[in-house]
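If you want the building blocks of each chain, they are given just below.
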Amino acid sequence: MKSQITILGTGNAFVTRCYNTCFFLHNEETDLLVDAGGGNGILRQLEDAHISISRIHDVFVTHAHTDHIIGVLWVIRLFLQQKAKGKCHGVIRIHSHEKVLRVLQNMMNDLLPKKLSSQIGTSVLFLLLEDRDTFDVGNIHFQCFDILSTKERQFGFTAWLPDGQRLVCLGDEPYNEYNRELVEGADWLMSEAFCKYADRDIFKPYEKHHSTARDAALLAKQLGIKNLILYHTEDKTIATRKQAYTIEAREVFDGNVFVPDDLETISI
């Protein structure tokens, strides 16, 4: 059974020419939204990707930065409003660590009408994850891991797909050796690439705790990765980004390189 990743957004926090990084992992039995960007633009991205809010029952949130978490509030709000109209059914489950769940609960209580926020624990379930915890969504088995960020607690995950492949999402900061056992040898690696290495003096990725396309590709080579997906990028070179990042990554990595645009779907 083939799975797909629909990339809803590819950009970093301050992009204006694309949406913030988030994606939808899905197959015939599984639908998982990973992050939701920084605002109600997520609703447009879902609409343009032809993903109905009624499909979203599970959301994995990597961390509490605004460009990843605020859109989750809009997804929850729309789900609850559509459920009240009979257009959504069941519950929406938010999988993450303590800070993310606390921030979302506070936002719901402070920003949403009482008739919506009162559904915490019934229609909205906050499922606490600790480092190395496992969980299942549909027919995909996940294990989360702490990326040990020095900026903000952040989780990535390894996913075992039904066809036997392994997908790893590193979050939006560089790989930490602490997680080698869960990353090494993966069939697919999703890695941030703030800019090209050749443009590092322009965009200054290292000052922002980010890496470059070349850095991500070298990592993929060292860890024996087969397919590399680059995202969470700048948008100043968006017209040439796909080709330029791919060329730079392939200079040091022999596997397949994907530099998706917003709304692009990758079969994995």
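First things first, this report covers the structure right here in the doc. Everything numeric here is computed off the predicted structure, so don't read it as measured data.

Here's the deal with the packing of helix α7 (residues 213-222) against helix α8 (residues 241-250)
Inference 1: Axis separation between α7 and α8 bottoms out at 8 Å; the angle between their running directions is 40°. Taken together, α7 and α8 sit at an angle that is classed as oblique. In this structure, the crossing between α7 and α8 has a hand that is right-handed. Counted together, A213, R214 and A217 of α7 and Y245, E248 and A249 of α8 form the full contact between these two elements.

Topic: the packing of helix α2 (residues 66-84) against helix α3 (residues 98-111)
Inference 1: Between α2 and α3, the shortest axis-to-axis distance is 10 Å and the interhelical angle comes to 55°. The angle between the axes of α2 and α3 places the two elements in the oblique class. Where α2 crosses over α3, the handedness of that crossing is right-handed. Two secondary-structure elements touch here, α2 through I69, V72, L73, I76 and L80 and α3 through V100, V103, L104, M107, M108 and L111.
Inference 2: Counted by class, the contact of α2 with α3 contains 11 nonpolar, no polar and no charged residues.

Section: the nonpolar core
Inference 1: By size, the foremost hydrophobic cluster in this structure holds 33 residues, and its most contacted members are I56, V75, I92, I94 and L104.
Inference 2: Sort the elements by how many residues they give to this core and α2 lands first, with seven residues.
Inference 3: Membership of the second largest hydrophobic core comes to 28 residues, among which are A186, A216, L223 and I225.

Comments concerning the packing of aromatic side chains
Inference 1: On inspection of all chains with the given rule, the structure shows six aromatic pairs.
Inference 2: Summarising the aromatic geometry, the rings of F135 and F142 are spaced 5.0 Å apart at their centres and angled 5° between planes, so their arrangement reads as stacked. Both residues of the pair, F135 and F142, belong to the buried class.
Inference 3: Seen in terms of ring centroids, W188 and F258 are 5.3 Å apart; in terms of plane orientation they differ by 40°. Their pairing is tilted. Linking W188 in strand β11 (residues 188-192) with F258 in strand β13 (residues 256-258), this pair joins segments that are 70 residues apart in sequence.
Inference 4: When its relative accessible area of 5% is taken as the criterion, W188 is described as buried.
Inference 5: Among the aromatic residues, ring-to-ring pairing joins F60, F135, F142 and F157 into one connected group.
Inference 6: The ring of Y197 is capped by R200, whose NZ or CZ atom sits 3.8 Å from the centre of that ring.

Quick look at the environment of P260
Inference 1: Looking at the secondary structure, you find P260 in the loop between β13 and β14 (265-267).
Inference 2: Residue classification places P260 among the buried residues on the basis of a relative accessible area of 1%.
Inference 3: Linking P260 and N27, residues 233 residues apart in sequence, is a C-alpha distance of 19 Å.
Inference 4: Setting aside its immediate chain neighbours within four residues, P260 contacts I7, T10, I229, L230, R241, K242 and I266.

A look at the layout of surface pockets
Inference 1: Here the largest pocket is characterised by a volume of approximately 270 Å³.
Inference 2: Around the largest pocket sit 17 residues that line it, and N12, A13, F14, F194 and K208 are the ones nearest its centre.
Inference 3: In terms of residue class, the lining of the largest pocket is made up of five nonpolar, five polar and seven charged.

With respect to the pairing of strand β12 (residues 227-231)
Inference 1: Within β12, five of the five residues are buried, leaving the element largely enclosed by the surrounding structure.
Inference 2: In β12, alternate side chains face the same way, and those of N227, I229 and Y231 on one face and L228 and L230 on the other are all buried.
Inference 3: In the sheet, β11 pairs with β12 via five bridges, with the strands oriented parallel. Residue pairing for β12: L189 is matched across the bridge by L228.
Inference 4: Across three bridges, β12 lies against β13 in parallel orientation. Within β13, the residue paired with N227 across the bridge is N256.
Inference 5: You can see the chain leave β12, run along α8 and come back into β13, and the turn it takes is right-handed.

Topic: the sheet that holds strand β6 (residues 124-128)
Inference 1: Strand order in this open sheet of seven strands is β6-β5-β4-β3-β2-β1-β14, and the pairing throughout is mixed. The open sheet is flanked by β6 and β14, the only strands paired with a single partner. When strand polarity is set aside, the average angle formed by the axes of neighbouring strands in this sheet is 20°.
Inference 2: Strand direction decides the pairing type here: strand β4 (residues 58-60) and strand β5 (residues 92-96), joined by three bridges, are parallel. Residue pairing for β5: D58 is matched across the bridge by R93.
Inference 3: Docked against the sheet, α3 engages β5 and β6, running at close to 160° with respect to β6.

Thresholds applied
Going along each chain's sequence as written, the residues are numbered from 1 onward. Note on the predicted model: pLDDT of at least 70 is required for a residue's local features to be given, and 80 or more for side-chain atom pairs to be given and counted; whole-chain, interface and lining totals, by contrast, use all residues. Water and hydrogen atoms were dropped before computing side-chain values, which therefore reflect all heavy atoms in the structure. In this analysis an axis means a line fitted to C-alpha atoms, helices contributing only their contacting stretch, and an angle means the value between N-to-C directions, from 0 to 180 degrees. By definition, any uninterrupted DSSP run of H or I lasting at least four residues is a helix, any uninterrupted run of E lasting at least two residues is a strand, and each is numbered from the N terminus. Orientation is classified from the angle alone, with under 35 degrees giving roughly parallel, over 145 giving roughly antiparallel, 65 to 115 giving roughly perpendicular, and any other angle giving oblique. Note: crossing handedness is left-handed where the near helix turns anticlockwise from the far helix by less than a right angle, and right-handed where it turns clockwise. Residue contacts are counted whenever heavy atoms from the two residues lie within 4.5 Å of one another. Amino acids outside the nonpolar list (Ala, Val, Leu, Ile, Met, Phe, Trp, Tyr, Cys, Pro) and the charged list (Asp, Glu, Lys, Arg) are all regarded as polar, and Gly is one of them. For our purposes a nonpolar core is just a set of buried Ala, Val, Leu, Ile, Met, Phe, Trp, Tyr and Cys residues, chained together by side-chain atoms within 4.5 Å. Throughout, exposure labels follow a simple rule: accessible area from a 1.4 Å probe, protein chains only, divided by the maximum for the residue type, with under 20% read as buried, over 50% as exposed, and the rest as partly exposed. For Phe, Tyr and Trp, rings pair up if their centres lie within 6.5 Å, where Trp contributes its six-membered ring, and each pair is then called stacked (planes under 30 degrees apart), edge-to-face (over 60) or tilted (otherwise). Counting as a charge over the ring demands two things of the Lys NZ or Arg CZ atom: a distance within 6 Å of the ring centre and an angle within 35 degrees of the ring normal. Two kinds of site are reported from a 1 Å grid over the protein atoms alone, namely cavities, where a 1.4 Å probe fits but cannot get out, and pockets, open sets with protein on both sides within 12 Å along at least five of seven lines, and residues are called lining when an atom falls within 4 Å of a point. Grid points are joined across faces, edges and corners, and a volume is the space filled by probe spheres set on the points. A pair of strands is considered paired only if DSSP assigns at least 2 bridges between the two. The path from the first strand over the helix to the second decides the hand: if it runs clockwise while the strands point away from the viewer, the crossover is right-handed.

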